Amino acid sequence: MLKIEHLTKRYGDVVAVDDLDFEVTPGVVTGFLGPNGSGKSTTMRVILGLDRPTKGRATIDGRVYGELRHPLREVGALLEAKAVHPGRSARNHLLAMAASNNIAPSRVDEVLEFTGIASVATKRVGTYSLGMNQRLGIAAALLGDPQILLFDEPVNGLDPEGIKWIRDFFRTLAKEGRTVFVSSHLMSEMALSADQIIVIGRGRFIAQGSVDELTADVAGTVLVRSSDQARLAEIMRSRHATVHDRDDRALSVGGLTSDEVGEAAFAAGITLYELTPQRASLEEVFMGLTADAVQYASASTEVPRGA
Amino acid sequence: MARDVTLASASHAEWIKFRSVRSTVLGFVVTALLTLGISALITSVIRGHWTTMDPLSRLTFDPVSTSLGGTLFAQFAVGVIGALFITSEYSSGSIRTTLAAVPQRLRVVAAKALVLSVSMLIVAEVLSFVTFLMGQAIFSGVVPTASLATGAVLRSVILAGVYLTLLALLGFALGLILRQSAACITVFTSLLLVVPIIVFLLPQSWQDAFSKYEPSALGRAMMSTTPPAQMFGAGTATVILVIYVAVAATVGSIAFLRRDA
C-alpha cells in the first residue's frame, strides 16, 4: 500500500505540492492526473526519497523509501526525466542497478527480453530513440520484480503500438495484485488505462474516483428536440434548469434528468423528437476540475529539476 | 535470503558504472600518456644537457622527483576523472537511478570514493614505478641514478601514486559540492594553477609561508627524497593533503545529504 500523508513540498517560495493526502491501492491501475506542473513528478520524487518533503511523508507499507531493505525489489519507477548516463549501455546500466540491490544478473536479460530491447542492449543509451529509452525505463522499473510500480508520463514518446502494449501491461501488472501508479496530463489516456483516478492541480488534491464516479459527479445535460422549442425552453427555465440553444435547433438542458424533461414536455403537450442524456466526458470533468489550476499554471510551473 | 544493500553491493554497482563509460577509460589513458610522456621528455632533455649544466644544479639534482615530473601534469587528468564520476550523474540525471537503488546517500559517497581510490591507486602506483624505472633507464650512464633499494626513493615513488589518488578524490569531493562538470574542473585547475600565481604576487615572506601549502607544492614534497627548500617533509605534506581531501569530502557529503536529487 502506497500512502501519501499530508505531503507538502516547497522549492523556495514555490509550493509544488500542497497537503496531498491519498492512498494508492494494489490490484488496480491508479491514474495520477493533473496539468503539467501540477506536482505529479514532485510527488513521485518524494515517494522515491529523491526530494525531501517540507511536511508530511510518503510511505510504502508504512515505511518511508529510505527504510526499505532492497528498494528496487519493493518499488520500481519509470521517471519522466531521463535517468541514464548516455555513454553507458542499457545492459551495464541495468547490471549496476541489479548489483546494488543484490538482484541476479540473469534478471537483467529477462527484463531486456521482455521490453524488446535485448538486441540493442550493448549499444550506448545516448543513441536510443525516445521510445527505446522508455522501454529501458520500464525494464529498469521491472528489474526487482517489485509489488509497487510508479510510471511518470509513461506514454510519452511511445508509438501507438507501444501505447497499446503499455496499457495492456499495466492491466496485467494490476491483475497480478501489484500497485500500479501512473501519472499523466492526458485525461484521454487515463480514461483508457486507469481504473482509479486521482486528480490534482497546483499541487492540491482535487478529486479521486473511478472514471464513472468522476463523470457522474458532474451532472450531465439533456439534449432535446421538440415540436415547440421556444415554449419548452420557457418551461425548463421556470423549473430552474439551464437552457442553451444549440446551432442545430436542439436545446441543451442542464440541471434536470431526461425523465423530468420528458414528463414536463408531455404535461405541456409538446411532442419530443429527441431526448438524449449527455454524459460529461472525463475530459470535460478534468477541464472543469482543474480550471483554476490551469489559470495559474503558466505563472507557477514546476521547478525544473536536475541538470 | 539475500543480503541487504551493503557497502559491498553499492560498491559493486559503482564499479560497473565506473568502468562502463568512455570518459573513465579515456581519463586513465590521458593520465598514463601525461605521466610517461612528460617524464620521458624531462629526463631525456636532462640527459642531453647534463654535461653543460652548472655545478650547483648538478649537485642538488634529484633523479627521483625529476623522473616523476609527469605526475604534476597528470594531476589534472585524475582530477577530471574524480569530478566526472559524480558530476556526470547530475548532467545525465542518472543520480536519480543511483539514489533510488541506494537511498542511503553516505553509502553512495563511500562506495564511489572506494571504487575511485582503489582503481586510481592501482593505476597510479603502476604508472609511478614504470615512470621511475623508465627515467632511471634514460639517465643511466650519463646522469646519476637512484635505486628503489633506498628507503627514501621507494617512499617517493609510492607517494607519487598516493598523490594522484588524493587529487582524484579532491576532484570527486569538489564534484559533490559543485555538481557541474565545467564548474568543478574550473575550480580544480584554479586551485592547482591560479593559487600559486596569486601567492607568487605576495611579498617574499608571505610566499615562503604560504606556497608550501599549495597542493602541487605538497605533491613535489611528497615525491622528493629530501625536502626541497621552504617545503614540508614528505610525511607532513601527505598528512596536509589528506586533511584537504577530508575537509572537501566532508563538505561535499553534507551537501549531498541535504540537497534534493
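Residues numbered from 1 in each chain as written. Chains lettered and ligands numbered in written order. Predicted model: local features only at pLDDT ≥ 70, side-chain atom pairs only at ≥ 80, totals over all residues. Heavy atoms only, no water.

### Considerations on the environment of T31 of chain B
Residue and element names in this part refer to chain B. Filter applied, for reference: Under the scheme used here, helices are H or I runs from DSSP no shorter than 4 residues and strands are E runs no shorter than 2 residues, and both carry numbers assigned from the N terminus. Contact between two residues is taken to exist if any of their heavy atoms lie within 4.5 Å; hydrogens are not considered. In protein, a polar contact requires one atom able to donate a hydrogen and another able to accept it; more generally it is a pair of N or O atoms within 3.5 Å, and residues adjacent in sequence count only if both atoms are side-chain atoms.
Note on placement: T31 falls in helix 2 (residues 22-49). Spatially, the C-alpha atoms of T31 and L164 are 9.5 Å apart, while their sequence positions differ by 133 residues. Those residues in contact with T31 that sit more than four places away from it in its chain are A74, A77, V78, I81, L127 and L164. A distance of 2.7 Å separates a polar side-chain atom of T31 from the backbone oxygen of G27.

### Focus on the interface of chain A and chain B
Short version of the rule: Here the quantity called buried area is the total loss of accessible area, with a 1.4 Å probe, experienced by two parts when brought into contact, counted for both. A pairing counts as a salt bridge when a side-chain nitrogen of Lys or Arg comes within 4 Å of a carboxyl oxygen of Asp or Glu.
Every contact between the two is made by 37 residues of chain A and, on the other side, 32 residues of chain B. Taken together, the two surfaces of chain A and chain B that pack against each other cover about 2900 Å², and 51% of this comes from carbon and sulfur. For chain A, the biggest contributors to the area lost against chain B are L50, R69 and R88 of chain A; these three give 19% of the whole. Our enumeration of links across chain A and chain B arrives at 1 salt bridge. When the shortest N-O distance is used, the salt bridge between D260 of chain B and K9 of chain A registers 2.8 Å.

### Considerations on the sheet that holds strand 12 (residues 251-254) of chain A
All names here are of chain A. Keep this limit in mind: By the convention used here, strands pair only if DSSP detects at least 2 bridges between them. Angles run from 0 to 180 degrees between N-to-C directions of axes, and those axes are lines fitted to C-alpha atoms, restricted for helices to the stretch in contact.
Spatial strand order, 11-12-10-13: 4 strands in an open sheet with antiparallel pairing. Of all strands in the sheet, those bounded by a partner on one side alone are strand 11 (242-245) and strand 13 (272-278). Neighbour-to-neighbour, the strand axes of the sheet open up by a mean angle of 20°, direction not taken into account. Here strand 11 pairs with strand 12 via 4 bridges, running antiparallel. Paired with T242 across the two strands is G254, which belongs to strand 12. Helix 9 (residues 229-238) contacts strand 10 (221-226), strand 11, strand 12 and strand 13 of the sheet and is inclined by roughly 145° relative to strand 10.

### Some points on the packing of aromatic side chains
We count it as follows: What counts as a ring pair is set by centres within 6.5 Å for rings of Phe, Tyr and Trp (its six-membered ring), and what kind of pair is set by the plane angle: stacked under 30 degrees, edge-to-face over 60, tilted for all other angles. To sort residues, take the accessible area from a 1.4 Å probe on protein chains only and compare it with the maximum for the residue type: under 20% means buried, over 50% means exposed, and anything in between is partly exposed. The criterion for a charge sitting over a ring is simple: Lys NZ or Arg CZ within 6 Å of the ring centre, and within 35 degrees of the ring normal.
Tallied over the entire structure, the rule returns 17 aromatic pairs over all chains. Look at F151 of chain A and F170 of chain A: their rings are 4.8 Å apart centre to centre, the planes differ by 50°, and that puts the pair in the tilted class. Residue F151 of chain A is found in strand 6 (residues 148-152), and its partner F170 of chain A is found in helix 6 (residues 160-175); the two are separated by 19 residues along the sequence. In this structure, F151 of chain A and F170 of chain A share a single accessibility class: buried. Taken together, a centroid distance of 5.1 Å and an interplanar angle of 75° make the contact between Y213 of chain B and F232 of chain B edge-to-face. Residue Y213 of chain B is located in the loop between helix 10 (204-210) and helix 11 (215-223), and its partner F232 of chain B is located in the loop between helix 11 and helix 12 (234-258); the two are separated by 19 residues in the primary sequence. Judged by its relative accessible area of 15%, F232 of chain B falls in the buried class. Here a set of aromatic residues connected by ring pairs shows up, and it is made of F114, F151, W165, F169 and F170 of chain A. The ring of W165 of chain A has R135 of chain A sitting right over it, with the charged end atom 5.5 Å from the ring centre. Across from the ring centre of F85 of chain B, 4.1 Å away, lies the NZ or CZ of K112 of chain B, which sits over that ring.

### So, the packing of helix 3 (residues 90-100) of chain A against helix 1 (residues 7-19) of chain B
Geometry of a packed helix pair, given as the angle between the helix axes and the separation of the axes. Our working rule: Note on terminology: angles under 35 degrees are roughly parallel, angles over 145 are roughly antiparallel, angles of 65 to 115 are roughly perpendicular, and the others are oblique. Under the grouping applied here, Gly and all other residues not named as nonpolar or charged are polar, the nonpolar ones being Ala, Val, Leu, Ile, Met, Phe, Trp, Tyr, Cys and Pro and the charged ones Asp, Glu, Lys and Arg.
Relative orientation of the contacting elements helix 3 of chain A and helix 1 of chain B amounts to 170°, with a least axis distance of 7 Å. Taken together, the axis directions place helix 3 of chain A and helix 1 of chain B in an arrangement best described as roughly antiparallel. Counted together, N92, L95, A96, A99 and S100 of chain A of helix 3 of chain A and S9, H12, A13, I16 and K17 of chain B of helix 1 of chain B form the full contact between these two elements. In the contact of helix 3 of chain A with helix 1 of chain B, the residues fall into 5 nonpolar, 4 polar and 1 charged.

### A few points about the domain arrangement of chain A
Buried accessible area, meaning the area lost when the parts come together, often serves as the stated size of an interface. For the record, the criterion: Throughout, the edges of the domains are those of an automatic or database domain assignment.
What the domain assignment reports for chain A is domain 1 (2-215 + 284-297) and domain 2 (220-279). Averaged C-alpha coordinates put domain 1 of chain A and domain 2 of chain A at centres separated by 45 Å.

### Regarding a nonpolar patch on the surface
Quick reminder of the rule: Surface patches are drawn from residues lacking salt bridges whose relative accessible area is over 30%; two like charges belong together within 9 Å, two nonpolar side chains (Val, Leu, Ile, Met, Phe, Trp, Tyr) within 5 Å. Surface exposure here means Shrake-Rupley accessible area, sampled with a 1.4 Å probe, where a residue is shielded only by the protein chains that are shown.
Residues L7, L114, V118, I122, V126 and V130 of chain B make up a contiguous nonpolar surface patch of about 500 Å² in total accessible area. Tallying contributions element by element places helix 7 (residues 105-139) of chain B first for the nonpolar patch, with 5 residues.

### Quick word on the pattern of salt bridges
Residues and elements named next belong to chain A. Taken as a whole, this structure holds 20 salt bridges over all chains when the rule is applied. In this structure, K3 and E23 form a salt bridge, with 3.9 Å as the shortest nitrogen-oxygen distance. With K3 in strand 1 (residues 2-11) and E23 in strand 2 (residues 14-24), this residue pair connects regions lying 20 residues apart in the sequence. On the accessibility criterion, K3 (33% relative accessible area) is partly exposed. Note on E23: relative accessible area 37%, which makes it partly exposed. Across the pair E74 and R63 runs a salt bridge whose closest N-O atoms are separated by 2.8 Å. With E74 in helix 2 (residues 71-74) and R63 in the loop between strand 4 (55-60) and helix 2, this residue pair connects regions lying 11 residues apart in the sequence.

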